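Coordinates in review
Here is what each chain is made of, one letter per residue.
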Amino acid sequence: MTAELSRFKVKEGKNETVDHWMGFLNEHMEKVLLTLNDEKMFVETIFKEEIGGTTYLYWHSVQGQGGAELESSSHEVDKKHMAYWNDCIDSSYESVDMDAQVVMIQEKVRGAMD
């Protein structure tokens, strides 16, 4: 099991598109959740923050081992998700991966992840 938190910079002028992207994911949650199963993704949360006029998205996830890669997904919702990513995320900004210090997951939840 892996717990991650990473920060990505949104391209300038793409805040409205990001809002559409997050709306798309929320509106298609039933299909999104089906794709998470393939990825062995137990928890995935996206946070948004603005610092000094720059917008950042943070991905938090708890994932099992051996899941499918998002980039190889045949699900239409994943293809749309990746199109939004390519349109909105600034690839010239090196993502920041936080260093997990403690992962607190109750045994009954952890047991359901196996």
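Per-chain numbering applies: the sequence of each chain, read as written, is numbered from 1 onward. Residues qualify for local features only when their pLDDT is at least 70, as the model is predicted, and side-chain atom pairs are given and counted only at 80 or more; totals for whole chains, interfaces and linings, by contrast, use all residues. To obtain the side-chain values, all non-hydrogen atoms of the structure were used and water was disregarded.

Attention now goes to unusual backbone geometry. With phi around 55°, Lys40 is a residue other than glycine that occupies positive phi space. Here Lys40 shows up in the loop between α2 (29-39) and β2 (41-51). Exposure categories follow from relative accessible area, calculated using a 1.4 Å probe and restricted to protein chains: below 20% of the type maximum is buried, above 50% is exposed, and the middle band is partly exposed. With relative accessibility at 39%, the residue Lys40 sits in the partly exposed group. The secondary structure listing takes helices from DSSP runs of H or I that are at least 4 residues long and strands from runs of E that are at least 2 residues long, numbered from the N terminus.

What follows concerns the pattern of salt bridges. When a carboxyl oxygen of Asp or Glu is within 4 Å of a side-chain nitrogen of Lys or Arg, the pair counts as a salt bridge. Inspection of the entire model under this criterion finds five salt bridges. Arg110 serves as the salt-bridge partner of Glu107, at 4.0 Å between the closest nitrogen and oxygen. Of this pair, Glu107 and Arg110 both sit in helix α4 (residues 107-113), three residues apart, roughly one helical turn. Residue Arg110 is classed as partly exposed on the basis of its relative accessible area of 26%.

Okay, the side chain of Gln63 next. Note that Gln63 resides in strand β3 (residues 54-63). Polar side-chain contacts of Gln63 include one of 2.8 Å to the backbone oxygen of Glu39. Contacts were defined at the residue level, with two residues in contact if any of their heavy atoms lie within 4.5 Å. Look past the residues within four positions of Gln63 in its chain and what remains in contact with it is Met1, Thr2, Glu39, Lys40, Met41 and Phe42. Two N or O atoms form a polar contact when they lie within 3.5 Å of each other; inside protein one atom must be a possible hydrogen donor and the other a possible acceptor, and for residues adjacent in sequence the pair counts only when both atoms belong to side chains.

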